[in-house]
Amino acid sequence: MLKTGTRAFVHHMTTLLDPTVLADVVRHFDAVETERQAQVVQDHEAGRVRIGASTDAFRQDPRWYDPWRAISPETIDRMRPYTWLLYPVMVRHITAAGHLVPWHQDIAYVRRMARVHQRVITCFVPLEPNPAQAASLEFATGDFPALDHVPWDDHGVGIAGAPFPHTIHFPLAFGDALVFGDHTPHRTIPAPDGSIDRRSFEYRAVIPAEALDDKDYFDLERGCMVRRTAGRLAFQEMCTP
Ligand SMILES: O=C(O)CCC(=O)C(=O)O
C-alpha cells in the first residue's frame, strides 16, 4: 500500500514484475522498435524521438501491459491505491547525452498534458538485463511542494541549476521498479561507467476515483483496459467485470 499523504516519495520495489514475462516483452520491443520509431506522424512525436522517447505507434502497443496482466494480489497491494495505469505508457530508449532528462517533478509534465490529472505516481521499469549497470534515475530526498520549472528544449521543462544537496539512486535488478510521487524531483543519470544505452517504461498510475472520463486505463485488479464515460465503467478487450 502506497501512502497518499505525501507526493514526494520514492520506493525501490524489488521483483515487482515477473522477469520471464518482462523478458518476452523486451524481445517484442527489440523486434518492433525500428519500424515503429520511424512512424513519426506529428511534430511532437519528432521531438520525443529526439530525446530518446517514443512515437505514438511505438507507445500504443497493448503488449506493454503484459507484465501487469496476471499479477498476484500481493503485487496489486504494493501499488494500491494507484491501481489504474494511464494508456499509453511512455517508452524510452536513451542512447545520447541529450536524452538525459533534466531535474524535474512529474507534476510539471502532467500539467502540460492536454487533459490534466490532479495527481499521478510513476512506476519506472528498466528493461536492461542488468539495470544496476545501466543509465538510471537519481532522486532528491526530502519533502517538496510543486517547484518552479523553466523551458528546456525538447524535454519541455526542467528545474534550473543543480539544486538538490541530498540525492539517492538505487541498485536495480531486472523485474524491479521505482515507484515515486509527482512532487519527487528526479533526473536521468548515465550508467556507472558513463555510458548511455537504456530501454525503459514509465507507467503513470492514478487512484481510480481520480481518473478522467473518456480516457483509457489499464486496471491492475481486472487485468485489462477500462474506461469511464459519464461516470459509468466500460470494459475493453477480454475483461471480467
Ligand atoms: O527515463 C528516464 O530516464 C527519465 C524518466 C522520467 O523522468 C520520468 O519517468 O518522469
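Note: the structure precedes this text.
Bear in mind that the values here come from a model prediction, so they are computed numbers and not experimental data.

### A short note on helix 1 (residues 19-37)
Think of an α-helix as turning once every 3.6 residues; residues three or four places apart then point the same way.
Point 1. For helix 1, spanning 19 residues, the distance from its first C-alpha to its last is 25 Å, which sits close to the expected 27 Å at 1.5 Å a residue.
Point 2. Its axis deflected by about 40° at Ala-31, helix 1 carries its strongest bend there.

### Things to note about unusual backbone geometry
Point 1. Residue Pro-81 is reached from Arg-80 by a cis peptide bond, and omega for that bond is 0°.
Point 2. Topologically, Pro-81 is positioned in the loop between helix 4 (73-79) and strand 2 (84-86).
Point 3. Residue Tyr-87 is joined to Pro-88 through a cis peptide bond whose omega torsion reads 0°.
Point 4. Relative to the helices and strands, Pro-88 is located in the loop between strand 2 and strand 3 (90-94).

### A word on the site of the ligand
Point 1. Taken together, Arg-92, Val-101, Asp-106, Thr-122, Phe-124, Leu-137, His-186, Thr-188, Ser-200 and Glu-202 make up the full set of residues near the ligand.
Point 2. For the shell around the ligand, the elements supplying multiple residues, two or more each, are strand 4 (121-126), strand 10 (186-189) and strand 11 (198-206).
Point 3. Across the shell around the ligand, the residue classes break down as 3 nonpolar, 4 polar and 3 charged.

### Points about the pairing of strand 12 (residues 216-219)
Point 1. Relative to strand 12, strand 2 runs antiparallel, the two being bridged by 3 bridges. Each residue of the ladder has a partner; that of Leu-86, found in strand 12, is Tyr-217.
Point 2. In terms of strand pairing, strand 12 meets strand 13 (residues 224-229) through 4 bridges, oriented antiparallel. Within strand 13, the residue paired with Phe-218 across the bridge is Met-225.

### Observations regarding the nonpolar core
Soluble globular proteins: nonpolar side chains tend toward being buried together.
Point 1. Leu-85, Cys-123, Val-125, Ala-177, Ala-205 and Tyr-217 are the most contacted members of the largest nonpolar core, which has 40 residues in total.
Point 2. Counting only elements with at least two residues in this core, the list comes to strand 1 (10-13), strand 2, strand 4, strand 5 (136-140), strand 9 (177-181), strand 11, strand 12 and strand 13.

### A few points about the pairing of strand 11
Point 1. Strand 11 sits mainly inside the fold: 8 of its 9 residues count as buried.
Point 2. By the bridge criterion, 2 bridges tie strand 2 to strand 11 in an arrangement that is antiparallel. Looking across to strand 11, one finds that Trp-84 is bridged to Val-206.
Point 3. The pairing of strand 3 with strand 11 spans 5 bridges and is classified as antiparallel. Along strand 11, the bridge assignment pairs His-93 with Arg-199.

### Here's the deal with the sheet that holds strand 10
Point 1. Spatially, 3 strands are ordered 8-5-10 in an open sheet, and the strand pairing comes out antiparallel. Either end of the sheet is taken by a strand with one partner, and the two such strands are strand 8 (167-168) and strand 10.
Point 2. Across 2 bridges, strand 5 lies against strand 8 in antiparallel orientation. Note that in strand 8 the partner of Phe-139 across the bridge is Ile-168.

What counts as what
Residues numbered from 1 in each chain as written. Predicted model: local features only at pLDDT ≥ 70, side-chain atom pairs only at ≥ 80, totals over all residues. Helix = DSSP H or I, 4+ residues; strand = E, 2+ residues; numbered from the N terminus. Expected span 1.5 Å × (residues − 1). Bend = angle between axes of the 7 residues up to and from the residue. Near = placed C-beta within 6 Å. Nonpolar A, V, L, I, M, F, W, Y, C, P; charged D, E, K, R; others polar. Pairing = 2+ DSSP bridges. Core = buried A, V, L, I, M, F, W, Y, C linked by C-beta atoms within 7 Å. Buried ≥ 20, exposed ≤ 12 C-beta atoms within 10 Å, placed from the backbone.

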